There are 2 protein chains.
Amino acid sequence: MLGQMMNLPLMISSLIQHADSFHGDAEIVSRLPEGGIHRYTYHDAHRRSRQLANALLSLNVKMGERIGTLAWNSHRHLEIYYGVSGMGAVCHTINPRLFPEQIAYIVNHAEDDYIFFDITFAALVESLAPHCPRVKGWVALCSHAHLPKCDNIANLLAYDDLVNAHSDDYQWPEFDENTASSLCYTSGTTGNPKGVLFSHRSTVLHAYGSALPDGLNLSARDAVLPAVPMFHVNAWGLPYSAAMAGAKLVMPGAQLDGASLYELFEAEQVTISAGVPTIWLSLLQHLQTNRLKLSTIKTLVIGGSAAPPAMIRAFDEDYGVTVNHAWGMTEMSPLGTANTFKRKHLSLPAAEKDKIRVKQGRPLYGVQMKIVDGAGKTLPNDGQAFGDLLVRGPWTISSYYKGEGGNPLIDGWFPTGDVATLDPDGYMQITDRSKDVIKSGGEWISSIDIENLAVAHPAVMEAAVIGVAHPKWDERPLLLVIRKKDMAVTREEMLEFMRDKIAKWWLPDDVVFVASLPHTATGKLLKTRLREDYRDYKLPTA
Amino acid sequence: MLGQMMNLPLMISSLIQHADSFHGDAEIVSRLPEGGIHRYTYHDAHRRSRQLANALLSLNVKMGERIGTLAWNSHRHLEIYYGVSGMGAVCHTINPRLFPEQIAYIVNHAEDDYIFFDITFAALVESLAPHCPRVKGWVALCSHAHLPKCDNIANLLAYDDLVNAHSDDYQWPEFDENTASSLCYTSGTTGNPKGVLFSHRSTVLHAYGSALPDGLNLSARDAVLPAVPMFHVNAWGLPYSAAMAGAKLVMPGAQLDGASLYELFEAEQVTISAGVPTIWLSLLQHLQTNRLKLSTIKTLVIGGSAAPPAMIRAFDEDYGVTVNHAWGMTEMSPLGTANTFKRKHLSLPAAEKDKIRVKQGRPLYGVQMKIVDGAGKTLPNDGQAFGDLLVRGPWTISSYYKGEGGNPLIDGWFPTGDVATLDPDGYMQITDRSKDVIKSGGEWISSIDIENLAVAHPAVMEAAVIGVAHPKWDERPLLLVIRKKDMAVTREEMLEFMRDKIAKWWLPDDVVFVASLPHTATGKLLKTRLREDYRDYKLPTA
């Protein structure tokens, strides 16, 4: 027997419709790539999104067709989010920081019909266009006056011309909520990028979950600055959740340095912002160097990689700002966890609270989570056992676009590729990447834990730990160290330094001093390369 | 083209599963009908819900079959919410305050297989049973020791016996999220009660929407006391949204007087509670009489009928408690609006804030809302125009159980039966019931506005305003007044008192002093009766 409630689909268009109807005068402020600040309202954004939908119809764009973007956070990019998905097409955000060959691969694989790009990427587009013959038109996100010179591009349009030429008389269609809405490629360290195809349903449910008080806690009293780009998993969904809440939106454009962010925070009275640790490190340095205070910011959401404990403490103690340590991935829309305290934690001493805050947080409702051992057996949520982190939920991927990589699921669960602990209160902590964990005698050793310990030595600039083959234990840890300039430390001193701070059997079997370590394009240690380089390394214990 | 996210249904069972997994030690505290306080955790509640699911299977309860409850708020009632809906049956909450004939009608119309009842309703059940021949068994919510004597009931069980006899080895099934989950009858002033049949999808979406910061703002830092009974539209969804948030739950049982609530608030450090204005009036009197303070409560949600401005102010100014003025109805699961401030309101002077707080609040995301005139034309959201309030959304009814009353929708919108204004910021204010509004010369006059004005006269105890036939204007307002004991006021004095406080054409055409006014079972003015009684009344202006 079915319930007798209205059978209405969850539509992305209903988010901007809601914001317009009930928060029509809430502001959207953008720092433009062509210079200056643009400000308008949700009412305006909704109107222009409808004009864009009519423009797309005039370009003969159909349901399900892909529209690419190469763009920073701005009001125009927001209009594309709503205009494209709202009319039933797929908003395909492309990371302009990837190598041009990867971008061309992605555009061609996605079969994008049009690419909307910021004028800062004009040169990139000129080099891309010859390799993307399927693209019917390139639309520069600017007014006619700012249209860049791109001689080799036949079908070049100025976004404002396109939008202004069309009426806002448009009614958002209602259709199956499982319809594809947006596409984002994730680039692993190996193989071609794979596409994650979100739906209207997954996007709206993710907005609900992430706006909750124990998610990002977004209300009509907030001004939100997404310091994570809209090409990084939809700026963690903030363009959707902010509209759901009717929060003011502040779009920083390309300037994500500490000084530029600080200026916007203060000028626009921002209350919450979200980004990766390097962004906040830059802000912290700017604050410290210039002896500044944050007058309106209450919460900084830190995700993408682990937030350093010292950073969490500095924002809290020196600036009165709460850090919300979050975790997720493209395949999860992206939010999986957020870190807020529970009732019973409120009265804990600061040191105890710190222990909670360094963890990646608790699962949002809508995310199921468990850790399993090598045999797939569920491990206890005791905060000690660590295993492969598996997730499941309506905003988690079931398969990649066009079926790339086959079925990624294990018994219906998505393996995140992270190794983590889960404590009895539901706080998850990443201890390693699955492929980087060292399997020694059937037990697992976290490479990250040892690296964190090694860099605590005053002479160490950077450290990497990998598993190297061992005849008795299968694998044993090898520590690679870059020494700080003009600093000395020996193999024995390194091991001695670590000896009483770590389980005996976690102590590396050897230390090698190196001049450099390989990194990925996004700055992470490229351990696949290290494992190759040291495949035949003979440990002294072997 | 469909998105490629996991196709997982929104299931009520996943709420208690989530609370158990990540908030297993959060408390659920209940004041029991048999006396004393019971305390356990979400982990326990989940375990007992699964035992109940096994017990229901042993009773041969099948998917879609209705299980009735006649019960106050308690941990056992919570287990029934999750156990019954979770295994696919329908949790049918019945209002024990209705007339016994209405209850019998409802039980038979719903075709309930079993009725779970609090022992305080043993006498009611004894009188009901002979009129409900279809019911296979009656389950008293108590231990074996407290089983009431009900001689005429053949199949009488003690709830704890039933649950304890079964294992907790039970895996919640996943099925179509549109499956019926719960049933609640709404009793109008005319005709038989009609059933509203909720689904798993509508319930989970309602929990998301209502837990948002601009809804009820529920987090893992809260202790929630639902002072609205679980037989009143699922206690406004709190048993679901509290589990979603991992909030402590405090169940007050039958004792909803100010003194009992105060005791629980303080003993259990409650942070948020929700109920109708009369409950909070009783609390306010208790606080004032005994010169008490509220030490942990931050928010009181007031709904069911309009919160008096003086009450909102008293809680705010004297007790530091924020009143969240909410509005909804059974047909909306029930929450439609909640009243929180926007960013731009935070710096307003108190008097300006008061004007916002007396309104019923802004629509939650998931509720579309508009006002229309008599011809169905949408009226402006200007805070002045008032019209029939229409709503639409995934937790709004599409039709009543078994199709009673035919299609209630107008072009896909549900007419709430309220007349309201909507201001440019989305705040809705009820001005009247649709059937009570007075249609004078094509324009509408709010009967409630005139009544509120009339009762402000020091000699008036109660007032009612109805439309009476008029040859020229169709209808004109007639004011009916009960004078306070030993107080005098004349027709002319009443009209004079109102003259400069109201639009000239809203002034009643006549005043009649009466000894009493008719009310419904829930204490509302029974205007249908008044309109009948005064159908042939001849106005002096006619």
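Data block above holds the structure.
What counts and how
- Residues numbered from 1 in each chain as written.
- Chains lettered and ligands numbered in written order.
- Predicted model: local features only at pLDDT ≥ 70, side-chain atom pairs only at ≥ 80, totals over all residues.
- Heavy atoms only, no water.
- Helix = DSSP H or I, 4+ residues; strand = E, 2+ residues; numbered from the N terminus.
- Rg over C-alpha atoms; globule rule 2.2 N^0.38 Å.
- Buried < 20%, exposed > 50% of the residue type's maximum accessible area, 1.4 Å probe, protein only.
- Contact = heavy atoms within 4.5 Å.
- Areas by Shrake-Rupley, 256 points an atom, 1.4 Å probe, with all protein chains shown as cover.
- Pairing = 2+ DSSP bridges.
- Axes fitted to C-alpha atoms, helices over the stretch in contact; angles between N-to-C directions.
- Arc of directions from axis to C-beta.
- Expected span 1.5 Å × (residues − 1).
- Polar contact = N/O pair within 3.5 Å; in protein donor to acceptor, adjacent residues only side chain to side chain.
- Least-squares fit on C-alpha atoms with pLDDT ≥ 70 in both.
- Buried area = accessible area lost by both parts, 1.4 Å probe.
- Salt bridge = Lys/Arg side-chain N within 4 Å of Asp/Glu carboxyl O.
- Core = buried A, V, L, I, M, F, W, Y, C linked by side-chain atoms within 4.5 Å.
- Parallel < 35°, antiparallel > 145°, perpendicular 65-115°, else oblique.
- Left-handed = near helix turned anticlockwise from the far one by under 90°.
- Disulfide = S-S within 2.5 Å.
- Nonpolar A, V, L, I, M, F, W, Y, C, P; charged D, E, K, R; others polar.

**With respect to the overall build of chain A**
Move 1: Along chain A, the regular secondary structure elements total 16 helices and 26 strands.
Move 2: Taken over C-alpha atoms, the radius of gyration comes to 24 Å for chain A, in line with the 24 Å a tight globule of 542 residues would show.
Move 3: With respect to the principal axes defined by its C-alpha atoms, chain A has extents near 75 × 65 × 55 Å.
Move 4: Across the 542 residues that make up chain A, the buried fraction comes to 62%.
Move 5: Here the contacts in chain A between residues at least 6 apart in sequence split such that 66% fall between residues at least 24 apart.
Move 6: Surface accessibility of chain A: about 20200 Å² in total, with carbon and sulfur atoms responsible for 51%.

**Examining the sheet that holds strand β15 (residues 327-328) of chain A**
Residue and element names in this part refer to chain A.
Move 1: One open sheet accounts for three strands, arranged β15-β16-β17; its pairing is antiparallel. Edge strands, defined here as strands with exactly one partner in the open sheet, are β15 and β17 (362-363).
Move 2: Pairing between β15 and strand β16 (residues 335-338): two bridges, direction antiparallel. By the bridge assignment, G328 is partnered in β16 with L335.

**Details of the sheet that holds strand β6 (residues 137-140) of chain B**
Residue and element names in this part refer to chain B.
Move 1: Taken together, seven strands build an open sheet; the order of strands is β7-β6-β5-β3-β4-β8-β9 and the sheet is mixed. Across the chains shown, the open sheet's two edge strands, defined by having one partner strand only, are β7 (156-158) and β9 (194-199). With direction set aside, neighbouring strand axes in the sheet form an average angle of 25°.
Move 2: The pairing of strand β3 (residues 66-70) with strand β5 (residues 112-117) spans five bridges and is classified as parallel. Paired with I67 across the strands is Y114, a residue of β5.
Move 3: In the packing of helix α3 (residues 75-86) onto the sheet, contacts are made with β3, β4 (90-93), β5 and β8 (180-186), and the angle to β4 comes to roughly 145°.

**Brief notes about unusual backbone geometry**
Move 1: Here the bond from S333 of chain A into P334 of chain A is cis, since omega is 5°, no more than 30 degrees from zero.
Move 2: Within the fold, P334 of chain A resides in the loop between β15 and β16.
Move 3: The phi dihedral of N234 of chain A is positive, around 55°, even though this residue is not glycine.
Move 4: Checked against the element boundaries, N234 of chain A lands in helix α8 (residues 233-236).
Move 5: Residue D411 of chain B is not a glycine yet carries a positive backbone phi of 50°.
Move 6: Residue placement: D411 of chain B occurs in the loop between β19 (387-392) and β20 (414-422).

**With respect to helix α13 (residues 350-357) of chain B**
Residues and elements named next belong to chain B.
Move 1: Taken residue by residue, α13 has D354, I356 and R357 as its buried positions. Along the axis of α13, the buried positions cluster into a sector of 160°, meaning they face one direction only. Seen from the buried face of α13, the exposed residues on the opposite side, beyond 90 degrees, are A351 and K355.
Move 2: Structurally, α13 contributes buried residues whose contacts are with α12 (309-319) and β14 (322-325).

**Some thoughts on α3 of chain B**
Residues and elements named next belong to chain B.
Move 1: The end-to-end C-alpha distance of α3 is 16 Å, a good match for the 16 Å that 12 residues give at a rise of 1.5 Å each.
Move 2: Most of α3 sits out of view: 12 of its 12 residues are buried.
Move 3: Of the residues making up α3, those classed as buried are H75, R76, H77, L78, E79, I80, Y81, Y82, G83, V84, S85 and G86.
Move 4: Taking the backbone nitrogen of R76 as reference, a side-chain oxygen 3.2 Å away marks S74 as the first, capping residue of α3.
Move 5: Following α3 by one or two positions, G88 adopts a phi angle in the positive range, close to 105°.

**Digging into the relation of the copies chain A and chain B**
Move 1: Aligned on chain B, chain A shows an RMSD of 0.1 Å; the corresponding rotation is 180° and the shift along the axis is 0.0 Å. These values place the two chain copies in the arrangement generated by a two-fold rotation axis. Using C-alpha coordinates, one finds that chain A approaches the rotation axis most closely at L212 of chain A, a distance of 2.5 Å.
Move 2: Both copies contact each other with a shared surface, as 100% of the interface residues of chain A are interface residues in chain B too.

**Here's the deal with the environment of L256 of chain A**
All names here are of chain A.
Move 1: By the element assignment, L256 lies in the loop between β11 (248-251) and α10 (258-267).
Move 2: Separated by 23 residues in the primary sequence, L256 and I279 have C-alpha atoms spaced 6.8 Å apart.
Move 3: Residues within four places of L256 in sequence aside, it is in contact with W72, R97, A227, P229, L261 and I279.

**A short note on the interface of chain A and chain B**
Many analyses report the size of an interface as the accessible area lost when the parts associate.
Move 1: Between chain A and chain B, the contact holds 89 residues from the first and 89 residues from the second.
Move 2: Both sides together, the interface formed by chain A and chain B hides about 6400 Å², and carbon and sulfur atoms give 55% of it.
Move 3: Linking chain A with chain B are eight salt bridges.
Move 4: On inspection of chain A and its partner chain B, the count reaches 44 residue pairs in polar contact (both at pLDDT 80 or more).

**What about the pairing of strand β11 (residues 248-251) of chain B?**
Residue and element names in this part refer to chain B.
Move 1: Along β11, one buried face is formed by K248 and V250 and the opposite face, lined by L249 and M251, is buried too.
Move 2: Here strand β10 (residues 223-226) pairs with β11 via two bridges, running parallel. The partner of V224 across the bridge, within β11, is L249.

**Some words on the nonpolar core**
Move 1: Ranked by size, the top nonpolar core spans 184 residues in total, and within it F116 of chain A together with F116 of chain B carry the most contacts.
Move 2: Those residues in contact with F116 of chain B that lie beyond four places of it in its chain are L52, L56, I67, G68, T69, L70, I80, V139, L141, Y159 and L162 of chain B.

**As for the pairing of strand β25 (residues 474-483) of chain A**
Residues and elements named next belong to chain A.
Move 1: Burial within β25 is extensive, with seven of its 10 residues counted as buried.
Move 2: Examined bridge by bridge, strand β24 (residues 460-470) and β25 share 10 bridges and lie antiparallel to one another. Looking across to β25, one finds that H470 is bridged to D474.
Move 3: In sequence, β24 turns back onto β25 through a hairpin of three residues.

**So, the pattern of salt bridges**
Move 1: Inspection of every chain in the model, using the stated rule, returns 74 salt bridges over all chains.
Move 2: The closest approach of N and O atoms between D354 of chain B and R357 of chain B, which form a salt bridge, is 2.7 Å. With D354 of chain B and R357 of chain B both in helix α13 and three residues apart, the pair spans about one turn of that helix. Both residues of the pair, D354 of chain B and R357 of chain B, count as buried.
Move 3: Salt bridges sharing common partners tie together E34, R48, R76, E79 and D160 of chain A.

**Brief notes about the packing of helix α1 (residues 13-23) of chain B against helix α2 (residues 42-58) of chain B**
All names here are of chain B.
Move 1: Running from amino to carboxyl end, α1 crosses α2 at an angle of 140°, the nearest separation of the two axes being 8 Å. Comparing the axis directions of α1 and α2 gives the class oblique. Seen from above, α1 lies across α2 with left-handed handedness. Side by side, α1 and α2 meet where I16, Q17, A19, D20 and H23 of the first sit next to Y42, H43, A45, H46 and R50 of the second.

**Considering the state of the cysteines**
Move 1: Inspection of the entire model under this criterion finds zero disulfides over all chains.
Move 2: With no disulfide of its own, C142 of chain A lies 9.5 Å from the sulfur of C150 of chain A, the closest cysteine sulfur.

**Some words on the packing of helix α7 (residues 200-211) of chain B against helix α9 (residues 238-245) of chain B**
Packed helix pairs are characterised by how far apart their axes lie and by the angle those axes make with each other.
All names here are of chain B.
Move 1: The contact between α7 and α9 brings their axes to 9 Å, and the two run at 70°. Compared by their axis directions, α7 and α9 come out roughly perpendicular. The two elements α7 and α9 cross, and the hand of that crossing is right-handed. Counting all contacts with α7, which are made through T203, V204, A207, Y208, S210 and A211, the residues of α9 involved are Y240, S241 and M244.
Move 2: Of the residues belonging to the contact of α7 with α9, the class tally is six nonpolar, three polar and no charged.

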